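Below are the chains, spelled out letter by letter.
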Amino acid sequence: MDIESRGHQNPIKKESWRTVLALAYQSLGVVYGDLSTSPLYVYKSTFAEDIHHSETNEEIFGVLSFVFWTLTLIPLLKYVFVVLRADDNGEGGTFALYSLLCRHARVSTLPNGQLADEDLYEYKNDRNLSADRIGMSLKSTLEKHRFLKKILLILALIGTCMVIGDGVLTPAISVFSAVSGLELSMAKHHHQYVEVPVACVILVFLFFLQHYGTHRLGFLFAPIVITWLLCISAIGVYNIVHWNPRVYQALSPYYMYKFLKKTQRGGWMSLGGILLCITGSEAMFADLGHFSQLSIQIAFTFVVYPSLILAYMGQAAYLSKHHVIASDYHIGFYVSVPEKLRYPVLAIAILAAVVGSQAIITGTFSIIKQCSALGCFPRVKIVHTSSKIHGQIYIPEINWTLMVLCLAVTIGFRDTKHISNASGLAVITVMLVTTCFMSLVIVLCWHKNVLFAICFIFFFGSIEALYFSASLIKFLEGAWVPVVLSFIFLAVMYSWHYGTSKKYEFDVENKIPINWLLTLSPNLGITRVRGIGLIHTELVSGIPAIFSHFITNLPAFHQVLVFLCIKSVPVPHVRPEERFLVGRVGPKEYRVYRCIARYGYRDIHMDDVEFEKDLVCSIAEFISSEGRGQSFEAVEDIDENERLTVIGTTSTHVDGIRMCEDNVRPNRNTEMVEISSPEVPRKRVRFLVPESPQMDLSVREELRELMEAREAGMAFILGHCYVRAKRGSSLIKKLVINIGYDFLRRNCRGPTYALSFPRASTLEVGMIYHV
């Protein structure tokens, strides 16, 4: 996969209608699998115990009215027409909104931002300077108060934790509801012994398939979901025409009033079941990066939405004429399916449930990757399963954790009632977080009138708060599951973020001034050895304390020294031509450089071979441009003694320096001059630079020295820090740092770039941090 050549903008906006329709077709299989299977369990969950279906049909018509208006207001009005527009340069989801706010209001709690980052294309692409006075006041308030920054971070983490909880509960309820059709073909006291084992087998098979990647089965997803939508809409039309053609009258909001008036507290509690009709709506926003706004809007508005409305109306029409049967089977989906079609529909429903579960599992992988990139989740192994779609990933540890939790929920509850209570609370919490973030986006990012933001949060927040209260009241009946899961994941994520922040603050407070480096000379016993030494640091300026610790105990360092910082910036992608910031540390003869490699939270890190080549070439390009006196866009760093230059990757150097190893020479039309070194009995490295009479001899000498150092090899010096709470810290801080963060650090994976370097070339320097 040519990672560096992928577009930095959302290319779909300029595509033809044919491409948009093709994406809309594909989105049906990836985005809407969960939402389209909701008719399997909505009515059954609503009429579980809180209310009963009477012969007056006021209950079933009231539920239908609630379902219709909920589908219309939340997925259609809120998400399709408003939230989808709040994309982060084409990316969506809870963390995309948080990233958007971090750029506009500087509310990030990790202080590694630079002025240079604000010049990134995707950072400033949506910048609008016409902010009103209220917006500027709100921005200033958020930036001044650290407490408010923590509140925003915790909100983002809660939304993320609920998405993870949804990844546990959605497969369970979807698959269990799909196989519940077996209850119509066997005795009531027998089917419960069949449903749970069958559901567990399907779930194990589903999670086992994850390591193959969705791209291998993707061509099946859209046809399955389309077949399912056509099936339920056709059955809905049949039931409407055959049983109750006047069921459309129940769409009036008046039936919601009659429903609540008659059922009162029971009707309010049953709203937790009605809520399940919008399960999967968040996926429209979360999967935005794979498609486009227009394609998702077309697919939902013209295919998914009418199919679901017809399906729910058809079920209501059938149940309005079959009160006794409905009561016997607790108003399940399959009772409204004609008897001759039940087994084919059962098979399609199981396939659709698997597809819907696949989408939420993949979405869970994606949001965990985003959290990990921004320092809010311990490092995990990320496997890219597709060479074409960067968002299709697989995380083994998370996959098997979700499978174990999903099986535990299925076996522990054994019915859709408790699972639906749990799933409803997880879904509505994510929507509430999105509503809160959207109100801030409207003011801070879109610069709209604050009244518009107030109306947005009041209107949609009131609806979602009603459903949230109905779900929370069933805490002891299953809703405790997402709360417990979220608490566990929130503790893990916040402990990791808190420990990471404290570690970075310690690095900043204890960094070594550049003047200390200037005092190092051979007279003090410091020797220079051949090769390139890469000192990994989290700092974007200054010299890390780990380096002074290393020099104190081993007074030698390499002839070329590079302080390497690999940082994530709050944008989805960083363009190849903006990848590196390169500068010089100290005098020219010291041969000490700083290189900051910037990645977005959706970027794929380059492998070790390409990264080493790009790193060396970017330093060579910096030396060459500095010698010509025609540097690239120069930006001031935080440290006044340093000056960094934006350098792209090798693929962006059209007429720049190329590195050639062994005897391979690229075929180029540009006149090139070879800078070589004496023959050495190891892999030969050469720089091919554009022929230029302006190149100074000192520049050629520095390039030759860099090339010789590359031939001698690269060593990666990695700090191995033990973080401990300092004396006098509170008990909570000691628990979080000494137990929580230390346990996560010891058991999580190392940085990807550290694992890619050969172990024989890696030197770990241990140091204790008292934070």
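Scroll up a little and you will see the structure.
Just so we're clear, the structure is a prediction, and the values are computed from it rather than from any experiment.

Topic: the nonpolar core
Logical step 1: Tyr-32, Leu-64, Leu-71, Phe-300, Tyr-312 and Met-438 are the most contacted members of the largest nonpolar core, which totals 164 residues.
Logical step 2: By size, the runner-up hydrophobic cluster in this structure holds 31 residues, among which are Phe-550, Phe-563, Ile-737 and Tyr-769.

Looking at the environment of Ile-526
Logical step 1: You can see Ile-526 is positioned in the loop between α22 (514-518) and β3 (527-536).
Logical step 2: Along the backbone, Ile-526 and Ile-551 are 25 residues apart, and their C-alpha atoms lie at a distance of 8.2 Å.

A closer look at helix α18 (residues 396-413)
Logical step 1: Helix length check: α18 (18 residues) gives 26 Å between terminal C-alpha atoms against 26 Å at 1.5 Å per residue, within 8%.
Logical step 2: Buried within α18 are the following residues: Pro-396, Ile-398, Asn-399, Leu-402, Met-403, Cys-406, Leu-407, Val-409, Thr-410 and Phe-413. With its buried residues spanning 160 degrees around the axis, α18 presents them on a single face. Facing away from the buried side of α18, by more than 90 degrees, are the exposed residues Val-404 and Gly-412.
Logical step 3: The positive-phi residue at the C-terminal boundary of α18 is Arg-414, with phi of around 65 degrees.

A short note on the packing of helix α21 (residues 480-509) against helix α26 (residues 731-747)
Logical step 1: Packing of α21 against α26 leaves a shortest axis separation of 9 Å and a crossing angle of 100 degrees. When the interaxial angle is binned, α21 and α26 end up roughly perpendicular. Only Lys-733, Val-736, Ile-737, Tyr-741, Leu-744 and Arg-745 of α26 make contact with α21, whose side of the interface consists of Val-492, Ser-495, Trp-496, Tyr-498, Gly-499, Thr-500 and Lys-503.
Logical step 2: The class makeup of the residues in the contact of α21 with α26 is seven nonpolar, three polar and three charged.

Quick notes on the side chain of Ser-486
Logical step 1: Along the polypeptide, Ser-486 turns up in helix α21.
Logical step 2: On the basis of relative accessible area, Ser-486 is assigned to the buried category, the value being 8%.
Logical step 3: A polar side-chain atom of Ser-486 sits 2.7 Å from the main-chain carbonyl oxygen of Pro-482.
Logical step 4: Beyond its immediate chain neighbours, meaning those up to four positions away, Ser-486 contacts Cys-161 and Met-162.

Describing the pairing of strand β6 (residues 592-600)
Logical step 1: Most of β6 is tucked away: nine of the nine residues are buried.
Logical step 2: Direction of pairing for strand β4 (residues 556-569) relative to β6: parallel, over a ladder of nine bridges. When the bridges of β6 are listed, Ser-568 appears paired with Tyr-599.
Logical step 3: Pairing analysis gives five bridges linking strand β5 (residues 580-584) to β6, with the strands arranged antiparallel. Bridge pairing links Arg-584 to Tyr-593 in β6.

Digging into the pattern of salt bridges
Charged atoms that come close allow side chains of opposite charge to pair.
Logical step 1: Tallied over the entire structure, the rule returns 16 salt bridges.
Logical step 2: Note that Lys-258 is salt-bridged to Glu-58, the shortest N-O span being 3.9 Å. Of this pair, Lys-258 sits in helix α11 (residues 254-263) while Glu-58 sits in helix α4 (residues 58-81), and the two are 200 residues apart along the sequence.
Logical step 3: Lys-258 gets classed as partly exposed once you look at its relative accessible area, which sits at 22%.
Logical step 4: In this structure, Glu-702 and Arg-584 form a salt bridge, with 2.8 Å as the shortest nitrogen-oxygen distance. You can see Glu-702 sitting in helix α25 (residues 697-712) and its partner Arg-584 sitting in strand β5, a full 118 residues away along the chain. With respect to class, Glu-702 is no different from Arg-584; both count as buried.
Logical step 5: When salt bridges with common partners are traced through the structure, they connect Glu-58, Glu-59, Lys-258 and Lys-262 into a single cluster.

Parameters at a glance
Residues numbered from 1 in each chain as written. Predicted model: local features only at pLDDT ≥ 70, side-chain atom pairs only at ≥ 80, totals over all residues. Heavy atoms only, no water. Core = buried A, V, L, I, M, F, W, Y, C linked by side-chain atoms within 4.5 Å. Buried < 20%, exposed > 50% of the residue type's maximum accessible area, 1.4 Å probe, protein only. Helix = DSSP H or I, 4+ residues; strand = E, 2+ residues; numbered from the N terminus. Expected span 1.5 Å × (residues − 1). Arc of directions from axis to C-beta. Axes fitted to C-alpha atoms, helices over the stretch in contact; angles between N-to-C directions. Parallel < 35°, antiparallel > 145°, perpendicular 65-115°, else oblique. Contact = heavy atoms within 4.5 Å. Nonpolar A, V, L, I, M, F, W, Y, C, P; charged D, E, K, R; others polar. Polar contact = N/O pair within 3.5 Å; in protein donor to acceptor, adjacent residues only side chain to side chain. Pairing = 2+ DSSP bridges. Salt bridge = Lys/Arg side-chain N within 4 Å of Asp/Glu carboxyl O.

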